[in-house]
Amino acid sequence: MTRSPRYAAVAIALHWAIAFGLLFMIWLGWNMDGKESWFQFHKSVGITILLLTVARITWRLLNPPPPLPNDMKPWESKASHAVHLGFYALMVIMPLTGWLTASTSYDFDIPTVLYGLVSWPDIPGVGFLSNETAHGIIANIHSKLAYVLFALLALHVGGALKHEFGPEEGVLKRMLPGLFGKTDRPSPPPHGFLIAFGAAIGVFVLIAFAPKLFSGSPSPSAATAGEVNERSVAPDWTVDYGQSSIAFTFTHEGQTYEGAFSDWTADIAFDEDQLDASDVRVSVNTASATTPKKLYTDSLKSAEWFGVSAFPQATVDLINFAETGDGYTADATLSIKESAVTVPFAFTLEDEDGVTVMTGGTSVDRTPLDLGQTSDAGADYVSETVRIDVRVTASPAG
Ligand code: HEM
Ligand code: HEM
């Protein structure tokens, strides 16, 4: 009988964290259908496992495992190493095929936000696989790998138990935390903890943040609001953007959320005595939309919503102003991507400390504006109608 030393604590911790992580992920994968937040959690834990695997493989290269008991038969050691190699391959391939599945999604364009906090990009350059056939094959491979893992696990656990209770004795104890293992088995001195976890953190930072560094600003600031020609009313209002806002309210899965555009400009030619000649042109930087949830904020940038890379700017033109009993109305034409709708916009004007405050709003349906029509055309998740509330603080020139 050989009392071979135990694995080092770091190896043991990573072994069990990843082992339970993978099994949990399979359970999650099988049970997350129709539950959008579970999908996000599945992707978050999966990427975490990928990063832990980077740490684990780096650690393993720096810390050779304790030798197997020397009374193990050669074919048994070979089989054991082959299973370990298979596991290492799965630890890399399962999350990578998952990430590829998410990156080649052709119908749902839902971004990945790790734990609701960090935007995680799609794998670059795989757009050519974003079709039903290729995506289907990738998703199928991703799901079938679960059975490969179970097959390896059966061999692995069988081997571990045989060599725990068989004549070699104690192989399992090499991998059990000290609490369960025998303390008379020494652990080798660990090397390269910082290198291993530094590598994982490095990979994370590189993938999560490098695309942002290299992509530059997503779109130019919406500074130009169109030509200002042939207006009889001068565009003579100066907007105090710090005291002004464009907010939008929508519901998702029954919950109400309020978002806002932080970058927009308004070119206001408005005169209460010349309503016919008045017009207002607003230009909105679509990438500046934020919501209380990072996932929604990221989703809005995608092609099926604002499509910010192709359509960085949306515009609103207000004309046909008329007085009502308690304020004004105008026809507001919203143009976004390649669609436009005209809706009535009601507002009031009030003087506050020498400045004029306009408060107004309208509601728009997203279908005619081609928003969210790929993943939720039936408004099963996101409300069809979106409320827009605008507050503009401005002073007349001079
Ligand atoms: C770390 C290991 C992972 C394991 C063990 C795992 C396991 C699974 C399983 C068992 C399914 C269910 C497949 C089925 O319907 O039969 C699944 C689905 C899925 N996983 Fe993973 N996953 C992992 C990582 C990831 C990662 C990192 C991502 C994305 C970043 C991801 C994205 C997906 C997606 C999008 C689906 C749905 C596929 C479909 O449309 O059918 N997975 N996963
Ligand atoms: C999905 C689950 C699992 C995965 C992916 C996995 C993976 C691995 C890998 C890759 C190694 C080799 C470590 C190295 O030398 O670099 C290993 C070793 C080991 N695992 Fe697992 N394991 C899993 C579950 C289990 C379970 C459930 C047991 C307990 C019965 C177990 C017991 C062991 C033992 C005792 C060793 C050391 C064996 C030796 O020294 O040859 N593992 N495991």
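Below is a short write-up of the structure. This one's a predicted model, so the numbers in the text were calculated from it and none came from an experiment.

Calculation notes
- Residues numbered from 1 in each chain as written.
- Chains lettered and ligands numbered in written order.
- Predicted model: local features only at pLDDT ≥ 70, side-chain atom pairs only at ≥ 80, totals over all residues.
- Near = placed C-beta within 6 Å.
- Helix = DSSP H or I, 4+ residues; strand = E, 2+ residues; numbered from the N terminus.
- Nonpolar A, V, L, I, M, F, W, Y, C, P; charged D, E, K, R; others polar.
- Expected span 1.5 Å × (residues − 1).
- Buried ≥ 20, exposed ≤ 12 C-beta atoms within 10 Å, placed from the backbone.
- Axes fitted to C-alpha atoms, helices over the stretch in contact; angles between N-to-C directions.
- Left-handed = near helix turned anticlockwise from the far one by under 90°.
- Contact = placed C-beta atoms within 7 Å.

## Describing the site of ligand 1
Consideration 1: Met 25, Gly 29, Gly 46, Gly 98 and Ser 143 are the nearest of the 21 residues found near ligand 1.
Consideration 2: Breaking the shell around ligand 1 down by element, the ones donating at least two residues are helix H1 (9–31), helix H2 (36–62), helix H3 (74–103) and helix H4 (132–165).

## Looking at the site of ligand 2
Consideration 1: Taken together, 21 residues surround ligand 2, and among them Ala 19, Pro 65, His 84, Phe 87 and Met 175 come closest.
Consideration 2: Residue composition of the shell around ligand 2, by class: 15 nonpolar, 4 polar and 2 charged.

## Quick word on H1
Consideration 1: Taking 1.5 Å per residue, 23 residues should reach 33 Å; H1 reaches 33 Å between its end C-alpha atoms and fits that length.
Consideration 2: Buried within H1 we find Val 10, Ala 11, Leu 14, Leu 22 and Met 25.

## Things to note about the packing of H2 against H3
Consideration 1: Taken N-terminus to C-terminus, the directions of H2 and H3 make an angle of 145°; their axes are 9 Å apart at the nearest point. Crossing geometry of H2 relative to H3 is assigned as left-handed. Together, Lys 43, Gly 46, Ile 47, Ile 49, Leu 50, Thr 53 and Ile 57 of H2 and Tyr 88, Met 91, Val 92, Pro 95, Gly 98 and Ala 102 of H3 make up the contact between the two elements.
Consideration 2: Here the contact of H2 with H3 is composed, by residue class, of 9 nonpolar, 3 polar and 1 charged.

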